[in-house]
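Residue-level structure breakdown
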Amino acid sequence: MMTLHRYNRVLIMAGAAAVALTASQAYADEAAADAPASEGEIIVTAQKRSERLQDVAASVSVVTATDLSEQGAVRFSDYASRVPGLSLTSGRTGSTQITLRGITTGAAQPGSTTGYYVDEAPVGSVNAYTGGSSITPDLDPAALAQIEVLKGPQGTLYGAGAVGGLLKFTTAAPNFDEVTGRVSAGITSIAHGEVGYSARGLVSVPIAPGSVAVSVSGFYRQDPGYIDNINLRIGARNINEARVYGGRIELAAKLGPDVTLRLSALAQDTNSDATNLADVDAVTLQPLYGDLTANRSVRERGKAELRLYNATLKAQLGQVDLTSSTTYQTIGLAETGDSTLSFGAALTGAAPVLAFFAGIAVPANLGIQLNTFKRTERWSQEARAGITGLGGMLDLQGGFYWTRETNQNRIPGFDYFSTTTGAAITTLPSFAVARIDSTYEEYSVFGNARLHITDKFDILGGIRYAHDSQHYDQDYRGLLISIATGAIVTGATTATLAAIGDERANVVTWLVSPRYKFSENLMVYGRAATGYRPGGPNPAPPTGNIPLTFQPDRLTQYEFGIKAQSADRALSLEAAVFHTDWKNVQIQTSAGGFNFIVNGGNARSQGAEATLRYRPVTGFQLGANVSYVDAKLTTAAPAAFGVAGDRLPYVPKWSGSVSVDYEFALGGETQGSIGGTVSFVSDRISDYSGRFPKRLPNYATIDLRAGIEHGGLSLSVFAKNLTDKRALNVVSPAASAPSNTAGQTYFGSYIQPRTIGAEASFKF
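Notes on the structure in this doc start here. Just so you know, these numbers come straight off a predicted model, no measurement behind them.

Description of the sheet that holds strand β41 (residues 745–750)
One open sheet holds the three strands; their spatial order is β16-β41-β40, and the pairing between them is antiparallel. Each edge of the open sheet is held by one strand with a lone partner, namely β16 (277–281) and β40 (728–733). Between one strand and the next, the sheet's axes are offset by a mean angle of 35 degrees, whatever the strand orientation. In terms of strand pairing, β16 meets β41 through five bridges, oriented antiparallel.

Next up, the structure:
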């Protein structure tokens, strides 16, 4: 008998044939030939070729830079609701985990399941040892043209890491013919918080008109704080203020009629004065000390730095497209954190043992500050070639990819202090100094072919072979190691735990995607694709009995979709259903205060999503999207304390939004606009059943916006989260272990309170 999962996969892949036979004849009567992009068409490049969004046989969402600036959207959380199937968790400005279609193991997952690109440049760490799941390029829209969100595994085109999907930031290319630019300034005010400011500028100048141009952009943004620290010693209001600033420069040159070189450098820094975490009750999730408050004995500052350099050469030689992309990047993250309720409490609890065996007296009111530092340095090179219309029925693309990254993950030390006076405590041995150095290198070759069986029906097939190797070097030492290993019973106050490991793997990913075009405005498609995250050497915790390496986890997704639009493009619909099998899932677990990674359990995610856009008359636009994602474990995951049937953490079953925008003439060249968005996110579960999971309730938000434009001048005003809704997007225990005891402290991050702002800009 066919199993239910197998039946679902067959149903999705067979659905294309069923819809093809029952589609409206009105669409089938239209011309079937592809038309060049015209006004109103959306062009995307996430499949490594320029295509109309209507023609891409995959689920892709697009957010334009115009949309971002008009709505005051400057970070992931501002536009997440506009992308069906996207969810996020974030506890600090500049540190966000993006999940697509439910592919996540929670806020503490080691490696990212979403890939990130800026144009042709891969961004972030593939390695599991530097927090790659949360060090993401949350770029300010100063130099962006649009953001493309490609859902489903992208293993054949983008290699390791992009198992859930891909975010591609597309920048605005320099103008070869005339000087253009934009400058803007804005102000925002957060309820229960303070006022923030922003300024942005971009200018494009042709150096040699028609052949060489340069563009320069820069921005500065002060994000207001809204969390109050009620600590009696260092208490302050609005402690989570952040400053984000950076810029980008690009030189573009036409080296020949069909040869273009783009050289770019991007920098972005994020400085946060504290996390966005408030203190809530472990059982009720209600505030412990009042609305948007926390009790911190440490100023939890953070700094994230991104430097990205890329050279992309493109040439068109007859029917052959050639692309070479070389990327160098560095990513740095430094943070301080308050570990008083976790490691501080553990050390206080061990005071009798420490006094008896080692003669160590643990002072009263002990506080501990955790200092962490992470850095990634990465080189990448991709070269590919594509040919279209070979023999009139075959399109080919193939290439080579190489990347090497070196990573540092350090705890230079913990600082002891008195929670009463703040004075440093120097009588205790060093609590812990930790170092993890790792390297990751990957070589891949990939190719795909599209066979045009008829002028309406074609099939795309792709394959990628990847070889990766990793080296891991660990060194832990300090009082924590002595306690965890039991060395303290011999009187040792400092022990060392070191390990060196290597891992190599060969992985093949594949893609099969049939597509049927009834016309240029109606298409159905099927898609089966795979992806993976690399394995690696394992940290060696003092408990032992863990594998020396963890293996790659692999994912296969089956999708069926339909894309339709009216002949005048006033109405468009994109819809897809999908089923995902996720095998050998990588899970970060812990023992004795140390984290390590194991493969544990299988999972599946299945659901549906749809996006509707409607422009019944000039100036009026209605947009709506909805997503249903059912993501859960299908087998037990003992390392994560999960059992079969547990929902995957922080994945809402339902989410969606409805937007209405209207532009109208005010006389002469003056135009006005108004709009609004209502968004909804259903409830989520914070963890697996064996770790006292918390249910985060559903919520809805309302955003409003309005603007006026005259020539190159424009003014926009906006209100986000108009009703000032309190909704948690992530929670975690303040102590070392999860709790279900009333009064125990959990850290909780709320969505941003009501924010009102305005931005004025001038385009030339």
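Now that the structure has been shown, we can carry on.
A word on the environment of asparagine 310
For asparagine 310, the position within the fold is in strand β18 (residues 302–317). Looking at asparagine 310, the relative accessible area reads 11%, which means it is buried. Among all residues touching asparagine 310, those that are not within four sequence positions of it are Glu120, Ala121, Arg262, Leu263, Ser264, Ser325, Thr326 and Thr327. From its side chain, asparagine 310 meets the backbone oxygen of threonine 326 in a polar contact 3.1 Å long.

What to know about the packing of helix α6 (residues 340–349) against helix α7 (residues 351–358)
Their axes nearest at 4 Å, the elements α6 and α7 cross at an angle of 55 degrees. As judged from the angle between their axes, α6 and α7 are oblique. Each of Leu347, Thr348 and Gly349 in α6 lies in contact with α7, whose residues at this interface are Ala351, Pro352 and Leu354. Here the contact of α6 with α7 is built from residues that sort into four nonpolar, two polar and no charged.

Some points on the nonpolar core
Counting residues in each nonpolar core, the largest one holds 31 residues, and the members touching the most others are Leu347, Leu354, Leu366, Tyr416, Phe431 and Tyr476. No other element matches helix α8 (residues 479–485), which puts three residues into this core. Apart from residues no more than four positions distant in its own chain, leucine 366 is found in contact with Thr340, Gly344, Leu347, Thr348, Tyr416, Phe417, Thr419, Ile425 and Leu428. Ranked by size, the runner-up nonpolar core spans 25 residues in total, among them Ala80, Leu86, Leu167 and Phe169.

Here is what the cut-offs are and how they apply
- Each chain carries its own residue numbering, running from 1 in the written order of its sequence.
- This being a predicted model, a pLDDT of at least 70 is required before a residue's local features are given, and a value of 80 or more before pairs of side-chain atoms are given or counted; all residues contribute to the totals for chains, interfaces and linings.
- For the side-chain quantities, the full set of heavy atoms in the structure was used; hydrogens and water were omitted.
- Being paired, for any two strands, means DSSP has found at least two bridges between them.
- For helices the rule is a DSSP run of H or I covering at least 4 residues; for strands it is a run of E covering at least 2, with both sets numbered from the N terminus onward.
- Axis lines are fitted through C-alpha atoms, for helices just across the contact stretch, and the angle between N-to-C directions can take any value from 0 to 180 degrees.
- For each residue, the accessible area found with a 1.4 Å probe, counting protein chains only, is set against the maximum for its type, and the residue is called buried under 20%, exposed over 50%, and partly exposed in between.
- Residues are treated as being in contact if the distance between any of their heavy atoms lies within 4.5 Å.
- Under this definition, polar contacts are N or O atom pairs within 3.5 Å; protein pairs additionally need one hydrogen-donor-capable and one acceptor-capable atom, and for neighbouring residues in sequence, both atoms have to be side-chain atoms.
- An angle below 35 degrees is read as roughly parallel, one above 145 as roughly antiparallel, one from 65 to 115 as roughly perpendicular, and any other as oblique.
- Amino acids outside the nonpolar list (Ala, Val, Leu, Ile, Met, Phe, Trp, Tyr, Cys, Pro) and the charged list (Asp, Glu, Lys, Arg) are all regarded as polar, and Gly is one of them.
- We define the nonpolar core as a collection of buried residues of types Ala, Val, Leu, Ile, Met, Phe, Trp, Tyr and Cys that are connected through side-chain atoms lying within 4.5 Å of one another.

The analysis is restricted to geometry; functional conclusions fall outside its scope.
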